[in-house]
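Overview (structure and organization)
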Amino acid sequence: MAAQRKYAERTDHYPTKAAVKRAVETARELGLTVVGVEVSRAGVIKVLDQAAVGATAPKDEFEEWLASGKLG
């Protein structure tokens, strides 16, 4: 019989605060305008740049609906 492991083997983990901070600082040094950060359980850090997200404001569908007179 195969020996059982005492604890479950952990293959995924979130990145550390230091790793995220390093990624953001590096992005800023490269001239990016950081607007957000995404992290995953696999340890992946995604730094979101202003140009990638878009310069336009998000569409406010409620205001459009209110202006159209359909709200009541």
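Since we're looking at a predicted model, the values are computed, not measured.

Of the pairings in the sheet, the one linking strand β1 (residues 34–39) to strand β2 (residues 45–49) comprises five bridges and is antiparallel in character. Bridged to Val37 within β2 is Val47. The loop that links β1 with its antiparallel partner β2 comprises five residues; one of these, Gly43, has a positive phi angle of about 90°.

To continue, consider a nonpolar patch on the surface. On the surface, Tyr14, Val37 and Val39 cluster together into a nonpolar patch covering about 260 Å² of accessible area. For Tyr14, the location among the structural elements is in the segment before α1 (17–29).

Here the protein shows a mean pLDDT of 83. Residues at 70 or above account for 75%. When pLDDT is averaged over each helix and strand of the protein, the minimum, 81, is found for helix α2 (residues 50–53) and the maximum, 96, for α1.

Further remarks concern a negative patch on the surface. A surface patch of like charges, here negative, comprises Asp60, Glu61, Glu63 and Glu64. Position of Glu63 relative to the elements: it lies in helix α3 (residues 61–68).

A few words on α1. The first and last C-alpha atoms of α1 sit 18 Å apart over 13 residues, in line with the 18 Å expected at 1.5 Å per residue. For α1, the complete set of buried residues consists of Ala19, Val24 and Ala27. Summarising the axial view, the buried residues of α1 lie within an arc of 135°, below the 170-degree limit, and thus occupy one face. Of the exposed residues in α1, those oriented more than 90 degrees away from the buried face are Lys17, Lys21, Arg22, Arg28 and Glu29. The inward-facing, buried residues of α1 abut β1 and β2.

Criteria and cut-off values
- Residues numbered from 1 in each chain as written.
- Predicted model: local features only at pLDDT ≥ 70, side-chain atom pairs only at ≥ 80, totals over all residues.
- Heavy atoms only, no water.
- Pairing = 2+ DSSP bridges.
- Helix = DSSP H or I, 4+ residues; strand = E, 2+ residues; numbered from the N terminus.
- Patch = residues over 30% accessible without salt bridge, like charges linked within 9 Å, V, L, I, M, F, W, Y side chains within 5 Å.
- Areas by Shrake-Rupley, 256 points an atom, 1.4 Å probe, with all protein chains shown as cover.
- Salt bridge = Lys/Arg side-chain N within 4 Å of Asp/Glu carboxyl O.
- pLDDT = per-residue confidence, 0-100.
- Lys, Arg positive; Asp, Glu negative; His and termini not counted.
- Charge placed at Lys NZ, Arg CZ, Asp CG, Glu CD.
- Expected span 1.5 Å × (residues − 1).
- Buried < 20%, exposed > 50% of the residue type's maximum accessible area, 1.4 Å probe, protein only.
- Arc of directions from axis to C-beta.
- Contact = heavy atoms within 4.5 Å.

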